[in-house]
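Now for the letters of each chain:
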Amino acid sequence: MTLKIKVYSDYVCPFCLIAKKPFDEAIKGKDVEAEWMPYELRPYPNETLKPEETYLQSIWKQSVYPMAKEMGMSMVLPKISPQPYTHLAFEGYQYAKENGKAIEYNERILSAFFQEEQNIGEIEVLTKLAIELGLNGEEFNKALKTRKYKEKHQQELKKAINEVNIQAVPTFIIGNQMVAGVRSKEEFEEIINQELKPTSLQFFGEGMSCGIDGC
């Protein structure tokens, strides 16, 4: 039976991009179905973080850059200030999902922000990225401008908060287990293998993640 995995993430969480690499390696060739789910760390009108301020400078120096280097990943703290809201990017994700490009879209938005410093809060930037993936740019742009997927996105957020009790990202729901934060390929593989023997929902904490009060 295919193991279903849901990954809750936000496009402005650096640990979501870092965790993606060992996770992708762990599920490669396995009978799993991974679905990326939205979670906004700082939804509008909450203030978003500024890269020039001490907090982000510190967390990147102490945790993000060392972890990225260890995993052989190229990442940069985007200079966009304040950081963009991510609701439009997630509404775009719903369009990409309907058109069979969910995984590709998710990866492209993360890389565009953390590796290319593109402003993923702007519709034109998101449209350009969607076109790169082979999506219909005109339809995509119109969907974001008319907020076609606003309600769908808000429904997913409410489920994440009220039903799944997501409090930080990345969080992986692997079968019956809840795994928070960045994990190694080996840890992911062990957890996936455990799911061959169904158990009640368990929480694995302590991994590096971002919550509403910071990373």
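Criteria and thresholds
- Residues numbered from 1 in each chain as written.
- Predicted model: local features only at pLDDT ≥ 70, side-chain atom pairs only at ≥ 80, totals over all residues.
- Heavy atoms only, no water.
- Salt bridge = Lys/Arg side-chain N within 4 Å of Asp/Glu carboxyl O.
- Helix = DSSP H or I, 4+ residues; strand = E, 2+ residues; numbered from the N terminus.
- Expected span 1.5 Å × (residues − 1).
- Buried < 20%, exposed > 50% of the residue type's maximum accessible area, 1.4 Å probe, protein only.
- Arc of directions from axis to C-beta.
- Contact = heavy atoms within 4.5 Å.
- Axes fitted to C-alpha atoms, helices over the stretch in contact; angles between N-to-C directions.
- Parallel < 35°, antiparallel > 145°, perpendicular 65-115°, else oblique.
- Left-handed = near helix turned anticlockwise from the far one by under 90°.
- Phe/Tyr/Trp six-rings, centres within 6.5 Å; stacked < 30°, edge-to-face > 60°.

1. Regarding the pattern of salt bridges
Right, so step 1: Tallied over the entire structure, the rule returns 13 salt bridges.
Right, so step 2: In this structure, the salt-bridge partner of Glu35 is Lys97, at a minimum N-O distance of 2.4 Å. Of the two residues, Glu35 is situated in strand S2 (residues 32-38) and Lys97 in helix H3 (residues 87-98); the sequence distance between them amounts to 62 residues.
Right, so step 3: Between Glu132 and Arg108 there is a salt bridge, and its shortest N-O distance comes to 2.8 Å. One end of the pair, Glu132, is in helix H5 (residues 123-132); the other, Arg108, is in helix H4 (residues 102-114), and 24 residues separate them in sequence.

2. Observations regarding helix H7 (residues 150-163)
Right, so step 1: For H7, with 14 residues, the first-to-last C-alpha span of 19 Å sits near the 20 Å given by 1.5 Å per residue.
Right, so step 2: Listed as buried for H7 are His153, Glu156, Leu157 and Ala160. Mapping the buried residues of H7 onto a view down its axis gives an arc of 100°, with all of them on the same face. Opposite the buried face of H7, by more than 90 degrees, sit the exposed residues Glu151, Lys158, Asn162 and Glu163.
Right, so step 3: Those residues of H7 that are buried are in contact with strand S1 (3-9), S2 and H3.
Right, so step 4: A positive phi of about 65° marks Asn165, the residue just after H7.

3. Points about the packing of H3 against H4
Right, so step 1: For the pair H3 and H4, the least separation of the axes is 8 Å and the interaxial angle reads 155°. Classified by the interaxial angle, the pair formed by H3 and H4 is roughly antiparallel. The two elements H3 and H4 meet at a crossing, and its hand is right-handed. Residues Ala89, Gly92, Tyr93, Ala96 and Lys97 of H3 form the contact with H4, whose own contacting residues are Ala102, Tyr105, Asn106 and Ile109.

4. Considerations on the packing of aromatic side chains
Right, so step 1: The final tally for this structure, using the stated rule, is 13 aromatic pairs.
Right, so step 2: Ring geometry for Trp60 against Phe114: centres 5.8 Å apart, planes inclined by 35°, an arrangement best described as tilted. Placement of the pair is Trp60 in helix H2 (residues 54-70) and Phe114 in helix H4, with a sequence separation of 54 residues. In this structure, Trp60 and Phe114 share a single accessibility class: buried.
Right, so step 3: What links up through ring pairs into an aromatic cluster is the set Tyr93, Tyr95, Tyr105, Phe140 and Tyr149.

Nothing here speaks to function; it is all geometry.
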